[in-house]
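Listed below, chain by chain, are the residues.
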Amino acid sequence: MASQLQADADRDRWVPLRGRGISGGRHRRATIRMLMSTVGISQGQPGAGLMNFVATRVIKAGLRGANGRFLAWSWKEDPSALAAMAQVQDLTPHLRAARASMPMEFDDTENFSNPHLGVGEKLVMDDPTSGRTPMATYTWDTGSHLVSLTAVSPDKERFLLFVPALDELARTLRWSEDIEVGENNVLRLPPQ
């Protein structure tokens, strides 16, 4: 088994999105619509149909070929209310520079503890500027990887009600790296 991102999403709250098949199709479509709205593309806008088609194909391909580095869920009760996506990225100098040059509004983070990844950062933007969609993001720097969970919702009135469920999901995230015996001389202990 290769290294992979894992989480224990509550099946009563979340529908995992898959890359193929009809399972989760309605939830996948709602998630794609939310993602499109976060980049400023709305239905009926010129080019929206083509962009939606491309985004659908990219997300499906990403779910299929992410090599265990990408997970996505939709809110079970109302798929158009909330979408959450977790991913692992290699911490390259380019990614570190991009993170360091993020807008100032992303500086208002708080510490967030995960029993598998240790202490990371949590940022909730329930009233974002520039007409952005409300979002929450959780990040952990493992030294070699950046593990993140990002959730978006077009529902500004209910967004803060979703945060406890997002916290619960974020605490289950883990990056399982397969290391052969003798491959690494570092002893890894679970966070206290």
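Refer to the preceding data block for the structure.
Now for a look at the structure at hand. Keep in mind the model is a prediction, meaning the values are calculated, not measured.

Here the focus is the packing of aromatic side chains. All chains considered together, the criterion is met by four aromatic pairs. Taken together, a centroid distance of 5.1 Å and an interplanar angle of 85 degrees make the contact between Trp14 and Trp75 edge-to-face. One end of the pair, Trp14, is in strand S2 (residues 14-16); the other, Trp75, is in strand S3 (residues 70-75), with 61 residues separating them in the sequence. Relative to Tyr138, the ring of Phe112 lies with its centre 4.9 Å away and its plane at 70 degrees, an arrangement referred to as edge-to-face. Taken together, the residues Phe112 in strand S5 (residues 110-114) and Tyr138 in strand S7 (residues 135-141) connect sequence positions 26 residues apart. A relative accessible area of 4% places Phe112 in the buried class. Members of the aromatic cluster, each reached through a chain of ring pairs, are Trp14, Trp75 and Phe162.

What follows concerns the sheet that holds strand S6 (residues 118-125). Hydrogen bonds along the backbone pair up the strands of a sheet, which may run parallel or antiparallel. Ordered in space as S2-S3-S4-S8-S7-S6-S5, the seven strands form an open sheet in which the pairing is antiparallel. Strands with a single pairing partner mark the edges of an open sheet, and in this sheet they are S2 and S5. The sheet shows a mean angle of 25 degrees between the axes of neighbouring strands, taken without regard to direction. Sheet topology note: the strand S4 (residues 83-90)/strand S8 (residues 145-152) ladder contains eight bridges and is antiparallel. Considered in S8, the bridge of Gln89 is made with Leu146.

If you look at the biggest cluster of nonpolar residues, it comprises 26 residues, and the most contacted ones within it are Trp14, Tyr138 and Leu149. Elements represented by at least two residues in this core include exactly S3, S4, S7, S8 and helix H4 (159-170). Among the elements that make up this core, the one with the highest residue count is H4 (seven residues). Look past the residues within four positions of Tyr138 in its chain and what remains in contact with it is Phe112, Glu121, Lys122, Val147, Ser148, Leu149, Val163, Leu166, Asp167 and Ala170.

Of the pairings in the sheet, the one linking S2 to S3 comprises three bridges and is antiparallel in character. Across the sheet, the residue bridging to Val15 is Ser74, located in S3. Note: S3 against S4, five bridges, orientation antiparallel. Residue Leu71 lies in a different strand from S4, and its bridge partner there is Ala86.

With that settled, the discussion passes to the side chain of Asp167. One can find Asp167 in helix H4. When sequence neighbours within four positions are dropped, the list of residues in contact with Asp167 reads Phe112, Lys122 and Tyr138.

This next bit is on the pattern of salt bridges. Summed over all chains, the structure comprises seven salt bridges. Asp167 is the partner of Lys122 in a salt bridge, and the nearest nitrogen-oxygen pair spans 3.0 Å. You can see Lys122 sitting in strand S6 and its partner Asp167 sitting in helix H4, a full 45 residues away along the chain. As far as burial versus exposure is concerned, Lys122 and Asp167 are alike and both buried. Among the salt bridges present, the one from Asp155 reaches Arg158, with a minimum N-O distance of 2.7 Å. By relative accessible area, which is 18% here, Asp155 ends up buried.

Cut-offs used in this document
Residues numbered from 1 in each chain as written. Predicted model: local features only at pLDDT ≥ 70, side-chain atom pairs only at ≥ 80, totals over all residues. Heavy atoms only, no water. Phe/Tyr/Trp six-rings, centres within 6.5 Å; stacked < 30°, edge-to-face > 60°. Helix = DSSP H or I, 4+ residues; strand = E, 2+ residues; numbered from the N terminus. Buried < 20%, exposed > 50% of the residue type's maximum accessible area, 1.4 Å probe, protein only. Pairing = 2+ DSSP bridges. Axes fitted to C-alpha atoms, helices over the stretch in contact; angles between N-to-C directions. Core = buried A, V, L, I, M, F, W, Y, C linked by side-chain atoms within 4.5 Å. Contact = heavy atoms within 4.5 Å. Salt bridge = Lys/Arg side-chain N within 4 Å of Asp/Glu carboxyl O.

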